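Listed below, chain by chain, are the residues.
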Amino acid sequence: MITLSSRDLPAADRISWFCDLVARDMAPHDIVTRHDSDFPASARLLSLGDGVGVSSVAFPTMQSIRTPRLIRRSDPELWVLALVVRGAMQREQGGNHVNPRPGDLVLYDTSQPYWASVATDDVAQCIVLHLPRQAVSVPEQALRRLVATELPSRTGIGALLSDLLAGIVKQGAKVEAAGQIPRLASAVVDLTTAFLASLCEADGAETAAARKTAQLHQIKSFIRARLGEPGLTPTAVAAAHHISLRALQYLFREDGGTVGAFIREQRLERCRADLIDPLLADRSVAALALRAGFSDAAAFSRVFKAHFGMPPGEYRRSHGVPQRRNRAGQPDREL
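Remember, it's a predicted structure, so these values are computed and weren't measured experimentally. Every chain's residues receive numbers from 1 upward, in the order its sequence appears when written. It should be noted that, the model being predicted, local features are given only for residues of pLDDT at least 70 and side-chain atom pairs only at 80 or more, the latter also being counted only at that level, while totals for whole chains, interfaces and linings use all residues. As a rule here, side-chain values cover all heavy atoms of the structure and leave hydrogens and water aside.

Asker: So, the sheet that holds strand β7 (residues 88-93): which residues are in play, and what are the values?
Answerer: The pairing criterion is simple: DSSP has to find at least two bridges between the two strands. Where helices and strands are cited, they refer to DSSP runs of H or I of at least four residues and of E of at least two residues respectively, numbered from the N terminus. Strand order in this open sheet of five strands is β2-β5-β10-β7-β8, and the pairing throughout is antiparallel. In this open sheet, the two edge strands, each paired with only one partner strand, are β2 (30-32) and β8 (96-98). The average angle at which neighbouring strand axes cross in this sheet is 10°, direction not considered. Direction of pairing for β7 relative to β8: antiparallel, over a ladder of three bridges. By the bridge assignment, Glu92 is partnered in β8 with His97. Only the stretch in contact is used when a helix axis is fitted, and all axes are lines through C-alpha atoms; the angle between N-to-C directions ranges over 0 to 180 degrees.

Asker: Got a sec to walk through the packing of helix α9 (residues 259-275) against helix α11 (residues 297-308)? Specific residues and values, please.
Answerer: Their axes nearest at 11 Å, the elements α9 and α11 cross at an angle of 90°. When the interaxial angle is binned, α9 and α11 end up roughly perpendicular. Of α11, the residues touching α9 (which contributes Arg264, Glu265, Leu268, Glu269, Cys271, Arg272 and Leu275) are Phe300, Val303, Phe304, His307 and Phe308. Under the scheme applied, nonpolar residues are Ala, Val, Leu, Ile, Met, Phe, Trp, Tyr, Cys and Pro; charged residues are Asp, Glu, Lys and Arg; polar residues are all the others, including Gly. Split into classes, the residues belonging to the contact of α9 with α11 amount to seven nonpolar, one polar and four charged. Just so you know how the angles are binned, under 35 degrees is roughly parallel, over 145 roughly antiparallel, 65 to 115 roughly perpendicular, and the rest oblique. Between two residues, a contact is recorded if the distance between any of their heavy atoms is within 4.5 Å.

Asker: Give a detailed account of the environment of Asp109, specifying residues and quantitative values.
Answerer: Here Asp109 is to be found in strand β9 (residues 105-109). Spatially, the C-alpha atom of Asp109 lies 6.2 Å from that of Leu78, the residues being 31 residues apart in sequence. Among residues more than four places away in sequence, those in contact with Asp109 are Leu78, Trp79, Gln93, Arg133, Arg144 and Val147.

Asker: Talk me through the pattern of salt bridges; I want residue IDs and the actual numbers.
Answerer: Salt bridges are identified by distance alone: a Lys or Arg side-chain nitrogen within 4 Å of an Asp or Glu carboxyl oxygen. Inspection of every chain in the model, using the stated rule, returns 13 salt bridges. Taking the shortest distance from any N to any O, the salt bridge between Asp30 and Arg69 comes out at 3.0 Å. Taken together, the residues Asp30 in strand β2 and Arg69 in helix α2 (residues 68-73) connect sequence positions 39 residues apart. Note on exposure labels: buried denotes an accessible area under 20% of the residue type's maximum, exposed denotes more than 50%, and partly exposed covers the range between, all computed with a 1.4 Å probe on protein chains only. With a relative accessible area of 28%, Asp30 lands in the partly exposed category. When the shortest N-O distance is used, the salt bridge between Arg101 and Asp104 registers 3.9 Å. For Asp104, a relative accessible area of 8% gives the class buried. Within this structure, Asp109, Arg133, Glu140 and Arg144 form a network of salt bridges that share partners.

This is the structure we're talking about:
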């Protein structure tokens, strides 16, 4: 994840820097602002590959215009989904007009003229997801009816997607360092496609697949939030989502795995992340295993070694986390 700030440049160069940033990250826009002499802005950029990216951008009061001239000059053919974090905004495109509030999602299309206005006493902020047109398997005409309209972002799939985008900004650097970007990209594209398909109420095999993807994502989120619960079993997961165990198993089989394997892998990944977190250095391996839902410390140690190639205590030390010491000042025996 790249972090950039206009404060690193002379004041007179900051507005042109921001215009170049927007053009490179999404598409060229004309920017109109009263902050020409000093444009305070910052951005955090994470590329997910294949033209998919997430950006968190902060900027002062301004207008942003995507004109036919700019479209003719350069069109990356992106669908752009913006999550408003701070600021009062207006957006127009395709004959639609919306005034999104913080927490709202807004869709727009880089291939159509577009206008946005942002008013703020300090800085506004948006988290922006851009997707190549071919990555979204929903009919273009149906999606174009959604641009600059109010999209449901506080319930259902929209709430899941909003939380995912906010989480990417917070955890993107760690995900990148762990080499998990391809998996994250797949989740982002699948969930966004499911969200947009549900709003279009489109029919057909692609939409049915998108709905299954959304259901699977929701179930996986449910599991991740409850890893520490010893009663988290495939049967309990199926019951919580009002589907049969067979239907749940089918969903995961279509995804290339099983429910039980997913729960075990997520618990192991939670332990792995906790073991190398310096803020948790005072907790024993056994305590972290219990926190992630493993009730048998010895069995956990065997499973962890089989999965990661070394016992959890050795894995922890190999990442520079100080070894815990007992009251006598001696190193604790770790699993």
